[in-house]
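In case you want the letters, here they are:
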Amino acid sequence: MSHDSSPWWHPGLHADRRPLLLTRNRILAAFRAWFSDADFVEVEAAALQVSPGNEAHLSAFATEAILPDGGREPLYLHTSPEFACKKLLAAGEPRLFSLAHVFRNRERGALHHPEFTMLEWYRAGTDYGALMQDGAALLALAAETAGVKRLTFRGREADPFAAFERLTLAEAFHRYAAIDLLATVSADGATDRDTLADAVMTRGLRVAPDDTWADLFSRVLVGLIEPHLGQGRPTILCEYPVSEAALARPSPRDPRVAERFELYACGVELANAFGELTDPAEQRRRFEAEMAEKARVYGERYPIDEEFLEALAMMPAASGIALGFDRLVMLATGAPRIDDVIWTPVARGRSR
């Protein structure tokens, strides 16, 4: 039986995958020890939630609870442990981390899996710059634990021990697309779709009549910018426009941008971080806008977790970050696909 047609549990294929999986276990143990040494407490978030998250382009797995009286209530598998972790911040936990299995529908490929492990950690009373230092420490620790000097993916390399490149979205759009991004964002965060569309067309990218500003922003980011990030050394891409940072607070330096950064290595997005928004009224407004967009694009919307908004009013100033653990293991082991570093991959659908 060839590897291409073998299930993951076939002995020959498992023998090939096993060294990668054992490295995964070592990295997991090293990370737990690192967080313990830094006075974090590990928490476990329930996977079943009343809301899976309220980002327009995240698709969830839906289910329902059958109650003792026979009644039924809709539930979802969470796309992130974020809501639960922030409730624990509101409860008084100052430093916490979660290694959670999370679930995202409509996603499968070399870098995507329907169920994967997300490492999230939060620091109360700490600027989000501290998360950049945490990320640098963990990338270096992953490489050291795997016994490698470089992170690799599809011929691209990054030195996890080197000082990270730090690049704002405005700088990245100027450098790689020759677009003045912030000229299309006003002081109140409103965006100018037509001005961005004109600039995108001059770069040779497709512009459809129904494209929103966010669609065009994403097209430039994915097509012209991301391939350059994390080459040679990891990149921190920061200061996202406020419209692209649904759970982050605005920057005190420039109201057009938010305290959000993403971490890249080898052209792969590894982590997404926020200086957390703690204004429940503003958070509700953003969630409703995201769900309106979801309804427009996908014809569905998810409920808002009212308890989360209640907790947000009690939550201290904090910073938080989500890191795709499986992706980092991929880069540390040189695995070509995310399935190669997951012990029991989700079965693939079979065409009929």
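Everything here concerns the structure above.
From a predicted model like this one, the values you see are computed outputs, not experimental measurements. (Residues numbered from 1 in each chain as written. Predicted model: local features only at pLDDT ≥ 70, side-chain atom pairs only at ≥ 80, totals over all residues. Heavy atoms only, no water.)

A. Representation of the overall build of the chain in the model. Across its full length, the chain holds nine helices and 13 strands. Here the C-alpha radius of gyration of the chain, 21 Å, is about what a compact globule of 352 residues would show, namely 20 Å. Projected onto its principal axes, the C-alpha coordinates of the chain cover approximately 60 × 60 × 50 Å. Of all 352 residues assigned to the chain, the portion counted as buried reaches 49%. Expressed as a percentage of contacts within the chain between residues at least 6 apart in sequence, the contacts between residues at least 24 apart total 68%. As displayed, the chain offers around 16,100 Å² of accessible surface, 52% of which is attributable to carbon and sulfur atoms. If the 39 positive side-chain charges of the chain are averaged to one point and the 51 negative ones to another, these points end up 6 Å apart. (Helix = DSSP H or I, 4+ residues; strand = E, 2+ residues; numbered from the N terminus. Rg over C-alpha atoms; globule rule 2.2 N^0.38 Å. Buried < 20%, exposed > 50% of the residue type's maximum accessible area, 1.4 Å probe, protein only. Contact = heavy atoms within 4.5 Å. Areas by Shrake-Rupley, 256 points an atom, 1.4 Å probe, with all protein chains shown as cover. Lys, Arg positive; Asp, Glu negative; His and termini not counted. Charge placed at Lys NZ, Arg CZ, Asp CG, Glu CD.)

B. Looking closely at the sheet that holds strand β2 (residues 48-49). Spatial strand order, β2-β4-β3: three strands in an open sheet with antiparallel pairing. Because the sheet does not close on itself, it has two edges, and the strands there are β2 and β3 (61-66). When β3 meets strand β4 (residues 72-77), the two strands line up antiparallel, connected through six bridges. What sits directly across from A62, in β4, is Y76. (Pairing = 2+ DSSP bridges.)

C. The arrangement of the environment of G53 in detail. On the secondary structure map, G53 appears in the loop between β2 and β3. Residue class for G53 comes out buried when judged on its relative accessible area of 14%. The sequence separation of G53 and F83 amounts to 30 residues, and the corresponding C-alpha distance is 7.8 Å. In contact with G53, other than residues within four places in its own chain, are T79, F83 and Y302.

D. The arrangement of the side chain of Q49 in detail. Structurally, Q49 is set in strand β2. Note on Q49: relative accessible area 13%, which makes it buried. Reaching out from Q49, the side chain makes a polar contact with the backbone oxygen of A46 at a distance of 2.8 Å. Residues in contact with Q49, not counting those within four places in the same chain, are L75, Y76, H78 and A84. (Polar contact = N/O pair within 3.5 Å; in protein donor to acceptor, adjacent residues only side chain to side chain.)

E. Layout of the pattern of salt bridges. With the rule as written, the count across this model stands at 22 salt bridges. R123 is the partner of D134 in a salt bridge, and the nearest nitrogen-oxygen pair spans 2.9 Å. Taken together, the residues D134 in helix α3 (residues 129-146) and R123 in strand β6 (residues 115-124) connect sequence positions eleven residues apart. What makes D134 buried here is its relative accessible area of 5%. Taking relative accessible area as the criterion, R123 reaches 10% and is therefore assigned buried. The salt bridge involving R260 is made with E262; its shortest N-O contact spans 2.8 Å. What makes R260 buried here is its relative accessible area of 12%. Here E262 falls in the buried class, since its relative accessible area comes to 5%. (Salt bridge = Lys/Arg side-chain N within 4 Å of Asp/Glu carboxyl O.)

F. A look at the sheet that holds strand β5 (residues 95-103). Spatial strand order, β1-β5-β6-β13-β12-β11-β10-β9: eight strands in an open sheet with mixed pairing. Because the sheet does not close on itself, it has two edges, and the strands there are β1 (41-42) and β9 (165-168). Pairing of strand β12 (residues 268-275) with strand β13 (residues 318-324) involves five bridges; the strand directions are antiparallel. Following the sheet pairing, N272 is matched in β13 by A322.

G. Seen up close, the pairing of β4. Relative to β4, β2 runs antiparallel, the two sharing two bridges. Its bridge partner lying in β4, L48 is registered against L77.

H. Highlighting the packing of helix α2 (residues 82-91) against helix α8 (residues 306-314). Remark: α2 packs on α8, axes separated minimally by 8 Å, with the N-to-C direction vectors making an angle of 40 degrees. If you check the angle between α2 and α8, you find them oblique. Crossing of α2 against α8: the hand is left-handed. Residue-level inspection shows F83, K86, K87 and A90 of α2 in contact with α8, the latter providing E307, F308, A311 and M314. Considering only residue class, the contact of α2 with α8 consists of five nonpolar, no polar and three charged. (Axes fitted to C-alpha atoms, helices over the stretch in contact; angles between N-to-C directions. Parallel < 35°, antiparallel > 145°, perpendicular 65-115°, else oblique. Left-handed = near helix turned anticlockwise from the far one by under 90°. Nonpolar A, V, L, I, M, F, W, Y, C, P; charged D, E, K, R; others polar.)

I. Just the nonpolar core, in detail. Within the largest apolar cluster, 44 residues are counted, with the highest numbers of intra-cluster contacts made by F31, L119, W121, L151 and F261. Among the elements that take part in this core, α3 stands out by supplying seven residues, more than any other. Once residues lying within four places of it in the same chain are set aside, the contact partners of L119 are F31, F35, F97, S98, L99, L138, I321, A322 and L323. Grouped together as the second largest cluster of nonpolar side chains are 24 residues, I179, L216, I225 and Y264 included. (Core = buried A, V, L, I, M, F, W, Y, C linked by side-chain atoms within 4.5 Å.)

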